[in-house]
Amino acid sequence: MRIVFLHHANVCRGGIERMLSVRANTFAEKMGYDVTLLTYEQNHEPYPYPLSLKVKCVDLDVKLYKAYKYPYPLRYLKKLLLRHQLSNAIRDFLKEAKADIVVCTDKDAHELRALIRAHTTEKLVVEAHTGMIDHEMQVRETRNIVRRFFAVIDLNRLKETVCQFNALIALTPDDAHKWGAFIRKTIIPNCLPEHPEQKADTSKDYKRAIAVGRLNHQKGFDLLLQAWRKVQERHTDWHLDIFGDGEDLAELSAKLPPHAAIHPSTPDIFVEYQQSDLLVCSSRWESFGLIIIEAMACGLPVVAFDCDNGPRNIITDGEDGLLARNGDTDDLAEKLCQMIGQKDQRQKMGITARQNAARFKSESIITQYDRFYKSLLEE
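Calculation notes
Position labels on residues start from 1 in each chain and follow its written sequence. A pLDDT threshold of at least 70 governs which residues receive local features in this predicted model, and a stricter bar of 80 or more applies before side-chain atom pairs are shown or counted, although totals over entire chains, interfaces and linings include all residues. Hydrogens are left out, water is left out, and the side-chain values use all remaining heavy atoms of the structure. Runs of E in the DSSP output that reach at least two residues are strands. Runs of H or I that reach at least four are helices, and both are numbered from the N terminus. Here the radius of gyration uses the C-alpha set of atoms, whereas the globule reference equals 2.2 Å times the residue count to the power 0.38. Per-residue accessibility, obtained with a 1.4 Å probe over protein chains only, is compared with the maximum for each type, and a residue is labelled buried under 20%, exposed over 50%, and partly exposed between these values. Per-residue accessibility takes into account occlusion by the displayed protein chains alone, with areas from the Shrake-Rupley method and a 1.4 Å probe. Asp and Glu are treated as the negative residues and Lys and Arg as the positive ones, with His and the ends of the chain left uncounted. Every charge is mapped onto a representative atom, which is NZ of Lys, CZ of Arg, CG of Asp or CD of Glu. Paired strands are those between which DSSP finds at least two bridges. The angle between two axes is taken between their N-to-C directions and runs from 0 to 180 degrees, where each axis is a line fitted to C-alpha atoms and a helix contributes only its stretch in contact. We call two residues in contact whenever any of their non-hydrogen atoms come within 4.5 Å of each other. Comment on the angle field: the value is read as roughly parallel under 35 degrees, roughly antiparallel over 145, roughly perpendicular from 65 to 115, and oblique elsewhere. Residues are grouped as follows: nonpolar covers Ala, Val, Leu, Ile, Met, Phe, Trp, Tyr, Cys and Pro; charged covers Asp, Glu, Lys and Arg; every other residue, Gly included, is treated as polar. Nonpolar core, defined: a set of buried Ala, Val, Leu, Ile, Met, Phe, Trp, Tyr and Cys residues in which side-chain atoms within 4.5 Å join the residues together.

Remarks on the overall build of the chain
Secondary structure summary: the chain contains 13 helices and 15 strands in total. For 379 residues, the compact-globule formula gives about 21 Å, and the C-alpha radius of gyration of the chain, at 22 Å, lands near that figure. Seen along its three principal axes, the alpha-carbon backbone of the chain occupies a region of about 60 × 50 × 40 Å. Buried positions account for 55% of the 379 residues belonging to the chain. Split by element, the accessible area of the chain, about 17100 Å² in all, is 50% carbon and sulfur. Treating the 52 positive side-chain charges of the chain as one cloud and the 53 negative ones as another, the clouds have centres 4 Å apart.

Concerning the sheet that holds strand β11 (residues 278-281)
Ordered by their spatial adjacency, six strands build an open sheet running β10-β9-β8-β11-β13-β15, and the pairing between neighbours is parallel. Both outer strands of the open sheet, β10 (260-263) and β15 (321-324), are each paired with one neighbouring strand and no more. The average undirected angle you get between the axes of adjacent strands in this sheet is 20 degrees. Most of the contacts of helix α7 (residues 221-234) go to strand β9 (residues 239-243), to which it runs at about 175 degrees, and overall it touches β8 (208-212), β9, β10, β11 and β13 (302-305).

A word on the packing of helix α11 (residues 329-341) against helix α12 (residues 343-357)
One way to put it is that α11 packs onto α12 with a least axis distance of 5 Å and a crossing angle of 95 degrees. When the axis of α11 is compared with that of α12, the two are roughly perpendicular. From α11, Gln-338, Met-339, Ile-340 and Gly-341 reach across to α12, where they touch Lys-343, Gln-345, Arg-346 and Met-349. Split by residue class, the contact of α11 with α12 holds three nonpolar, three polar and two charged.

A short note on the nonpolar core
The biggest cluster of nonpolar side chains holds 55 residues, and the ones touching the most others in it are Phe-5, Val-35, Tyr-273, Leu-279, Ile-292 and Tyr-373. With near-sequence residues (within four places) excluded, Tyr-273 lies in contact with Ala-200, Ile-210, Val-212, Leu-279, Ile-291, Glu-294, Ala-295, Cys-298 and Leu-300. Core analysis: the next-biggest nonpolar cluster, separate from the first, contains 38 residues, Cys-104, Leu-115, Ala-128 and Leu-155 among them.

Brief notes about the sheet that holds strand β3 (residues 56-59)
Pairing is parallel in the open sheet, where seven strands are placed in the order β3-β2-β1-β4-β5-β6-β7. The open sheet is flanked by β3 and β7 (185-187), the only strands paired with a single partner. The mean angle between the axes of side-by-side strands here comes to 25 degrees, regardless of whether they run parallel or antiparallel. The pairing of strand β1 (residues 2-6) with strand β4 (residues 101-105) spans four bridges and is parallel. Paired with Val-4 across the two strands is Val-102, which belongs to β4. Across the face of the sheet, helix α2 (residues 74-97) comes into contact with β1, β2 (34-39), β3 and β4 while running at roughly 160 degrees to β1.

Below, the structure is given as structure tokens:
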């Protein structure tokens, strides 16, 4: 089977890039797929995660972001020209590649439209990595009326465009429902990049909570710091370590309470999980929550906001973690204190969390993808 994964650029240490590398490597190495990672804005940057030599990497060198250098109305005209260029470049590539399936993310309706215009006989699949909730929240969080108007137009355009694809893959049942009944959907969650043999030593008391993610509004670290101040009043010997990079670094650093620190993102995050007692996820919304299953695989229970729509699809409240009311910092602090103060319960939840995370092992998830792709080609 020839499969092409289209993503604008693989340069960030993000969940999308990580999942693409895991699947590309597995399909090429273990299943004999002819796999290509197709980009168009790579700009000669190195790939953030290791790739098999059997995975082909092709960049079309169409930098859509260059349009933003120009003022309106010239910017609009430049966008049209670059999108036309992208569609032609994709068409030329697909004529040579003769792919069976092209898979792309739900990043942008214009990228999806360029692919629709360019494809011939390939089956087209959208993977909803960011999820409908992310697109909806971008509209809700936009305060400027004019920008919100255009954000609504873009969202509707995205929905209309996705309808023209053969199928959509959602990460959770909640997200699949949000996309509506207008397209064939299947639900396949993210997989664990690895299921470590070593787990956190529950006999030790690290007195450490860990949080991981991009330092931006969505991840809610400002809410976490508010909650942690309340936790510190009752548990002065516990420490919070946040790992991540992002635009809110300076603002969050200025608000750090005692016994809390922010560290750069690290490729050795599993080592950090294994030296912690629990994970806290303070996201305002999530499409899935890759860090949650990573931490659970290391034997960590999780305290998370019950936000749309990832955590509740992973965590069983009271069994392998605790869910706090979304955005309620008092409830988040209370759930953290409950987890911290009841060591026996915390250890039992950590054991269960590791067991429950096994359902996300890559072997199981890759098999689901393989079965789905084959069924698509049989239609």
